[in-house]
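# Observations on the model geometry
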Amino acid sequence: MGDDSEWMKLPIDQKCEHKVWKARLNGYEEAVKLFQKIVDEKSPEWPKYLGLVKKFVTDSNAVAQLKGLEAALVYVESAHVAGKTTGEVVSGVVNKVFNQPKARAKELGMDICLMYIEIEKGETVQEELLKGLDNKNPKIVVACVETLRRALSEFGSKITSLKPIIKVLPKLFESREKAVRDEAKLLAVEIYRWIRDALRPPLQNINPVQLKDLEEEWVKIPQSAPKQTRFLRSQQDLKAKFEQQQASGDVEDDCEDEVVPQIDAYELLEAVEILSKLPKDFYDKIEAKKWQERKEALEAVEILVKNPKLEAGDYADLVRALKKVVSKDSNVMLVALAAKCLTGLASGLRKKFGSYACHAVPAILEKFKEKKPQVVQALQEAIDAIFLTTTLQNISEDVVAVMDNKNPAIKQQTSLFLARSFRHCTPTTLPKSLLKPFCAALLKHCNDSALEVRDAAFEALGTAQKVVGEKAVNPFLADVDKLKLDRIKECADKAELANGKKTVPGEKREAKALAPGKAAPLSAASDKEAAKPGMAPKKAPPAKAGGLVKKGKAPASGGGAAKGKKGADVKEVFEQELSPEACEEKAAAVLPATCMQQMDSSNWKERLASTEEFQKAVESMERSDIPCQALVKMLAKKPGFKETNFQVMQMKLHIVALIAQKGNFSKTSANVVLDGLVDKVGDVKCGGNAKEALSAIAEACTLPWTAEQVVSLTFAQKNPKNQSETLNWLSNAIKEFGFAGINVKAFISNVKTALAATNPAIRTSAIALLGVMFLYVGAPLRMFFEEEKPALLAQIDAEFEKMKGQTPPASTRGSSKSGAGGDDGEEGEEQEAAPADIMDLLPRADINDKITSDLVSKMGDKNWKIRKEGLDEVTTILNEAKFILPNIGELPSALKGRLSDSNKILVQQTLGILQQLATAMGSNIKQHVKNLGMPIITVLGDSKANIRAAALVTLNSWVEQTGMKEWLEGEDLSEELKKENPFLRQELLGWLTDKLPTLRTVPSDLLFCVPYLFGCLEDRNGDVRKKAQEALPMFMMHIGFEKMSKATGKLKPASKDIVVALLEKAKANMPAKPAPPAGKTSSKPAGASAQASAPAAVVCDSGPPASESKPDPKKTKPGAPAAKGKAVPAKKVPSKPLVKDEEDRSGPIFIVVPNGKEQRLKDEKALKVLKWNFPAPRDEYIEQLKTQMSTCFARWLQDELFHADFQRHIKALAVMTDHLETEKEGVISCLDLILKWFTLRFFDTNTSVLMKVLEYLKLLFAMLSQEEYHFTELEATSFIPYLLLKVGEPKDVVRKDVRAILSKMCQVYPASKMFNFVMDGIKSKNSKQRAECLEELGCLVESYGVNVCQPTPAKALKEIAVHIGDRDNSVRNAALNTIVNVYNVHGEQVFKLIGNLSEKDLSMLEERIKRAGKKQAAAAPAKPPEEKPQRVQSANASVLRKAPPEDISSKLKIMYRTYRIQARNMGGHPEPTHMVPREFQLDLDEIENDNGTVRCEMPALVQHKLDEIFEPVLIPEPKIRAVSPHFDDMHSNTASTINFVISQVASGDINTSIQALAQIDEVLRQEDKAEAMSGHIDQFLIATFMQLRLVYNTHMADERLDKDDIIRLYSCIIGNMISLFQMDCLAREASTGVLKDLMNGLIALMLDSRVEDLEEGQQVVRSVNLLVAKVLEKSDQTNILSALLVLLQDSLLATASSPKFSELVMKCLWRMIRLLPEAINNINLDRILLDIHNFMRVLPKEKLKQHKSELPMRTLKTLLHTLCKLKGPKIMDHLSMIENKHESELETHLLRVMKHSIDGTGSKSDKEIEKGASRTEEKASKANVSDFLAEIFKKIGSKENTKEGLAELYEYKKNFSDADLEPFLKNSSQFFQSYVERGLRLIEMEREGKTRITSTGSHVTEINTLPAVTSSASSATNANGEEVGPSVYLERLKILRLRCGLDNAKQDERPPLSSLLSKTSTPSVVSSTDMLHSKLSQLRESRDTFQHLDLDSNQTHASTTSSTTSSATTANIDDLKKRLERIKSSRK
């Protein structure tokens, strides 16, 4: 008991899984009680037991198990989560319960299974039970069978799937266990109750005894239909109805009304594969000469085709062989055998045989000439079986063609076949268009001489009349006499239709249903139409006894039968022609006697009087009293219509019109007068009356008949006036009467005659008539006149162009007599059909004879070239024929083979031929859909995109001709979808997604595709999944949610959950079906469809409210959205709210949300929302966009934008276009969302929407450009990549538009950033996209220069150059053109940039460059750069309006980032455009002596140049001026004012930029104001170097700009910067990145040869030198040192880097090294060492050693050595920022330096620790001092290390003052000695000057070097490579001035910057020439020695005197300039 008490305390769920059985038993009992207490099926208690239910049923203890089963049953019945346990529980029941001996356990197990079925888990239960049938334990098998039987008995055959059960039934009958066999028998009896005879075929092979027993049992089953007695949870309404019936006791009665559900036995059978079982020699034997061998082959096939269901496969060869036997074999016995084989094939394949039907039908029909009964019977069975696999439409052409055969047997059997076929048709499957040709052919048979032919024709016509009703057939029987009509009617009464219908609804006859099996031969196999008992036509009013045709119905005039006959009346069958005597008698009865007598009087007045009496008499008569024929014959009596008096003639014509209007005018009467009327049409006086009479006759006898008679009569004459006027009358008549029934073909032949007439009036009238016909017929009309002369064709085209867009006028005549309202609809039908019918009238060629066996064998040849020849021949045949008949022989099979050709070029050519074939054959191509159309779909699975695209185009061209029905019928489409080819699946699903929404109805066969569609939803390929999700709503709109949900039952549980969730989502997006055309819609479906689409209709309909509230189906336009008006009554919404909705649409469509766009940008950056980045849009992206749009877009517009119907998208775009100009602010605020929506449309395949989108985008970007809007990064990244996808579109017009948009986009987004996106585009697989992107890159380079290339020109061009070797010709050309564009801009250097190319590619490029014919010297880019900074110059207010609060600064940051991207990896020094060598250095003395950079041995070149460089610098002091009063008035807010002014610094307009710089200068020069700039320094520097870059890229290249303006701009920029860098507090604010870019820009400017060529260019360069020195000195030392290290690293890495650039950066670093002793305590050493570590990591020692120069390595070592000297061992503590410092090369190097450093140097002052000093100490440790000095002098003598050598020498002399240098100098030249002395003196001077000046304060060095003011500038480096501050030059200048007796006080004045804004002349330079003269005197000695160049003695003396005049100085300078020019020219 202790144990018991232990488990008693446990909770129920733990008891249930306790190891003690008693505990479990107790747990189960308590669980039962608990489960019964829980009322809520969703209680949280249920999920606790999910994992335990299986243990309930599989308990090992029998007693506990019994109670567990009870608990499980209650659980399954009550818990909402029970369904999740179905599989495991039922499996447990089958394996652990059904084998129990206790009956109770077994019973509970069955109950659990049935309960699971009740909760909708039937499929899983059945699956587990079927698995149980394979168990070896017979008890389990018996229990499973019994459970299945109970399930079927209680739930019925709809819920229990019978097919898998029937499949295993024969196996159960073979069981050894009697119990199993007995249970199987009971199950078979139960199944028979539900499906009756459909069970027989699957069981035909079981033991005959068992079958006999079954037959006996089956007979006992009552005939009443079985009823479902147990219902699913979802069928509770049915359950209630059933219980109610049981209670009232009328179940039996109800049963009688129900019909036993028909189940097709075919569906229950397993398909058998027979193709592989054919004898191997079958195809040889079937061609054998001996008939016995052919018979053997056929017998083998006959045995195989006896299988009732055959597996699908390629039966084309087999059918072809059988057809050949049928048509050509001389042995009739074999013909019958082949026919039987065809019957078996058709019966076994059913719809899958449809593609072969059109081959077999003509052969079988032709063979009906055989007379032997057994052959005829076999052929009948064959053609009947084949008919059931296809449609009458598909074989109609072949049947009609055979009906013209002369053999009566063929005619008879064809008519009988039609009669049998019609029985299986319905009014929908037998439309008028199909009935018309059949009736025409059958009417001919009605008049055949052979009785059997006539009888067969009557039977066929009668059956047709029975199917579609008299009303539909009678128009085709207008000329049939009464006897024949009666015969047809009799046959119609006798006809028995396949669906059991014997009478047309409305006819008062009793209908007797046919007993099964008594139908005609065709009813043997159950067709789908046969299975629908309710398929009776809806409109079939009872016919009148006489069978008369309504007057309004025009007879078919295509056959021309009515044309020659007289006496046919429209409203009566005939009007007999009267004899002259009878006519006179009848006329005399109604006309006065005098009238009769005077009609032929010779006196015209008497004739006139008699006609007047005649008219009065007619006017007074009633309709029934007018003898029309008699009266018109009286009028035609001599002189008749040859009357010479025009008054009498006019009266006669008027009377004819009157008789026709008032009387029952017949065609017989019309024939009497028409000839006379036509003769008078052209008469000047009588023509009007004649036309009126003709119109009256047309109204009485219908226009089609009248017009045909009139035109034929007219053209039988030769009177041109008559012909012209008749055509004019006809034009007007067509407008008045409409075009219905007009015989176009007959008219066209006459119009062609008229067009060929010599009289121009006739041609003009004919063209006018064609114009009117064009209104009704449309474009196909032109096809009839393709052969006309070009001039005439141009006139016709012009007339058609006039008519385009016009709608045909409503008919005003002829409608009043058109009969009942029902006719209107049918008239409408005919009118609608007119454009389609015209294609049938085109003259078509028969090309069957040209498709020879040789051609077919060519197309199948092994050699692809011969196959191509065959295809070329086919193309030629089609081109010549233009329009062809559908009989094309063996061509389909030959073309089908080529669709799978290994040569893709041939596949593409075949697709082109198929496209051509569709156009040529027209709608007749339908019959080839199955055998030739479906293989096109297979091609959609090709791996090549261009092949797939071509296949899609071909497919769509076929669908245009055939419609979709043929493609969706049968299982062919599902077979294609079944193939696991991702390309095929995504293309096919995409195609279906486009096509399905346009269809009103689809065949039920579409359901076959659903399982594969579900499979696609889980495909491993993302594109397939996406397409499947898009297709889901389109399938659902036709199949329905319920059916699709039911189809998920066969999926695995995991898959099912996913699919069901997607179905739910698709249900919400399901589009409404398109509305039926007007006049055909019954109110019921309209209401239903309206209900489905009511919300959409309410929102989207923009029609008047009245039409919404009271819809009129007759007024609905064809193709309008489904019965919009019905939405109101369906939803019971009053009409007022609709009116309100309409009013709401008039408001703004965009809602401006403050900072909405900025918030979205932040959300995306913070990853709060999905980034707009996808290969194809998924649902979550669309939902996200919807959510974001909901706050910014009008609700109705959003609904339109996300509607499933593309037409709604077009409407929305139209509205957005209208509001583009009026709601600019709204558009800009929502721009990112608008563009995202457009990206979704780029993934659609609808071209019309795409074109509208592109049209809108062009307008949008034009507006944005006009508004000077700047694209944000968010907008760019979420739009441009998707736009570029469309640049590869196959349609030229799309590509053209996209390119136009891309060019406009550069106006709102930097071209450099755009470049990256376009570069990504060239990686596409689409060759068109690659080509277009390359073209675009070429345009960008051409427009914006080579610097647009990102990340560097070299990298970009290498990537572009790869495409020179592309397979696609257009890509190759585009790549070559792009490189040529770069060549045109950049010259020969392009070959270095593009890297190594193959010889072939290189030769192609060189050839293309030669052809381009461009000069080798590259021209500078002429267009503005990508940043487009000129937009910033717009008014401040507008800038603030368009940007957020931090507008200007953020805008600058964007521009700055663009610049940074461009500068990255280029070292910031793009190669100057002009390749002129430059010798600018940072030190004057260095340049003076450095002749190494000159290629030729001419030291004078450098010296002459340096003379000019050494012009003294005027360094005026800044003068403090008041700030201009307008400055502060601009804005009260200082920060925003400075932001604005700084933004204008980067303006593209030079004057705007100078104005802004002047304002900033005024601020900087006032100490109290200068602080306002704090916090804006980075911003200002960014704007400044952006402006420098703009000048470099654009202004310098723009020949239109005055170069003096550029100099002024440079002056202002440099002056501002110097002012800024004089203020320590402001200068230190500059950050590392900005300083790096600033130095980058300044050094690039110094290296720009174009600046040097300017008049004042040298001064600019010198000013920049001065500025660089200031920047190095005043900036934050950590930041500038770090910036220089990164800049050096980038310059060394950049492939396009100039060595000069790197050298200048290193000089700046040397300068910084010299400043280190002073700044070491203020430097963040950790950061500097991290930068050095990164430098050494990127450029390790080995890599640096490979560099051309040693300088980088030595610079780095010097820097590290200096730092070690200054910090000592403590430096090792500053490696904290380096990760893995022990692995760093830096740590190793520092340790090595520390080890070798000398202790004695520690006592030296900081000032002595210079770069040179460290080197000197290292070298001084050497034993041999002379070696050390020799090395120093060696350095001085080398070009690279000269400055370093001088510095070391200076340090050596300083440390060892007694050292003797004479031995080293005596052997050198005088020039070298003076160079060394001068270098040492300058170093000394600079260092002394620096120590003196440090105490004077920073204001001494405040220099504003403006080239426009100063006449010279100085370099900032000396011979040691040390940078010299401006203070040194100031001191030197002061010394010289004192020497000359000048006052230094004048130097303190500096003109304000603003005064320089106007162009100023260069001031006097007297005060600064002395310095120049002293330099000249020093240089003259060396020049005399080495160059022997004479210098004017006057100039020399003048240079040394202190009283030199200004004019003399000017002369000296001019002379120097001339000499410099001479040297330059000699160098060139």
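Bear in mind the structure is a predicted one, so any value in this text is a computation, not a measurement.

With that settled, the discussion passes to the overall build of the chain. Scanning the chain for helices and strands turns up 103 helices and 0 strands. The contacts of the chain with a sequence gap of at least 6 include a subset with a gap of at least 24, amounting to 77%. For the chain, the exposed surface amounts to about 89,100 Å²; the carbon and sulfur share of it is 52%.

With that settled, consider the confidence of the model for the chain. Low pLDDT means the predicted coordinates in that region are not meant to be read closely. Here the chain shows a mean pLDDT of 74. Residues at 70 or above account for 75%. Confidence over residues 1414-1510 falls short of pLDDT 50; this stretch has 290 contacts with residues more than four positions distant or in other chains. Overall, residues 1946-2009 carries pLDDT values under 50, and its contacts beyond four positions in sequence, including any with other chains, amount to 118 contacts.

Our focus in this paragraph is the state of the cysteines. In this structure the tally under the stated criterion is 0 disulfides. Looking at the unpaired Cys-701, the closest cysteine sulfur is the one in Cys-628, lying at 9.4 Å.

A general tendency of soluble globular proteins is for nonpolar side chains to be buried together. Among the nonpolar cores identified, the biggest contains 104 residues, and Met-1573, Leu-1729 and Ile-1732 are the most heavily contacted of them. Here the element with the most residues in this core is helix α90 (residues 1699-1719); it accounts for 12 residues. Aside from chain neighbours lying at most four places away, what touches Ile-1732 is Leu-1685, Leu-1756, Leu-1759, Leu-1760, Leu-1763 and Leu-1786. Counting residues in hydrophobic clusters, the runner-up holds 96 residues, among them Ala-1176, Tyr-1309, Ala-1331 and Val-1380.

Our next topic: the packing of aromatic side chains. By convention here, two paired aromatic rings are described through the distance between centres and the angle between planes. Within this structure, the stated rule accounts for 28 aromatic pairs. A ring pair is formed by Tyr-192 and Trp-218, whose centres lie 4.5 Å apart and whose planes are at 5°; its orientation type is stacked. Residue Tyr-192 is located in helix α11 (residues 178-195), and its partner Trp-218 is located in helix α12 (residues 208-220); the two are separated by 26 residues in the primary sequence. Each member of the pair Tyr-192 and Trp-218 is classed as buried. One aromatic cluster is present, formed by Phe-1242, Phe-1261, Phe-1271, Phe-1279, Tyr-1309 and Phe-1317 through successive ring pairs. When the ring centre of Phe-646 is taken as reference, the NZ or CZ atom of Lys-685 above it lies at 4.3 Å. Stacked on the ring of Phe-1041, the Lys or Arg Lys-1067 has its end atom at 4.3 Å from the ring centre.

Here Ser-1248 is to be found in helix α65 (residues 1247-1266). As a C-alpha pair, Ser-1248 and Gln-1207 span 41 residues in sequence and 9.0 Å in three-dimensional space. Look past the residues within four positions of Ser-1248 in its chain and what remains in contact with it is Phe-1206 and Ile-1210.

What follows deals with the environment of Tyr-28. One can find Tyr-28 in helix α3 (residues 21-37). Distance in space between the C-alpha atoms of Tyr-28 and Leu-66 is 9.4 Å, their sequence separation being 38 residues.

Quick look at the side chain of His-1219 now. Looking at the secondary structure, you find His-1219 in the loop between α62 (1206-1218) and α63 (1224-1229). When residues no more than four places from it in sequence are discounted, the contact partners of His-1219 are Gly-1147 and Ile-1149.

Here the focus is helix α64 (residues 1231-1242). Taking 1.5 Å as the rise per residue, α64 with 12 residues should run 16 Å; its terminal C-alpha atoms sit 17 Å apart, in good agreement. Burial runs high along α64: 12 of the 12 residues are buried. All of the buried residues along α64 are Leu-1231, Asp-1232, Leu-1233, Ile-1234, Leu-1235, Lys-1236, Trp-1237, Phe-1238, Thr-1239, Leu-1240, Arg-1241 and Phe-1242.

Scoring rules and cut-offs
Residues numbered from 1 in each chain as written. Predicted model: local features only at pLDDT ≥ 70, side-chain atom pairs only at ≥ 80, totals over all residues. Heavy atoms only, no water. Helix = DSSP H or I, 4+ residues; strand = E, 2+ residues; numbered from the N terminus. Contact = heavy atoms within 4.5 Å. Areas by Shrake-Rupley, 256 points an atom, 1.4 Å probe, with all protein chains shown as cover. pLDDT = per-residue confidence, 0-100. Disulfide = S-S within 2.5 Å. Core = buried A, V, L, I, M, F, W, Y, C linked by side-chain atoms within 4.5 Å. Buried < 20%, exposed > 50% of the residue type's maximum accessible area, 1.4 Å probe, protein only. Phe/Tyr/Trp six-rings, centres within 6.5 Å; stacked < 30°, edge-to-face > 60°. Lys NZ or Arg CZ within 6 Å of the ring centre and 35° of its normal. Expected span 1.5 Å × (residues − 1).

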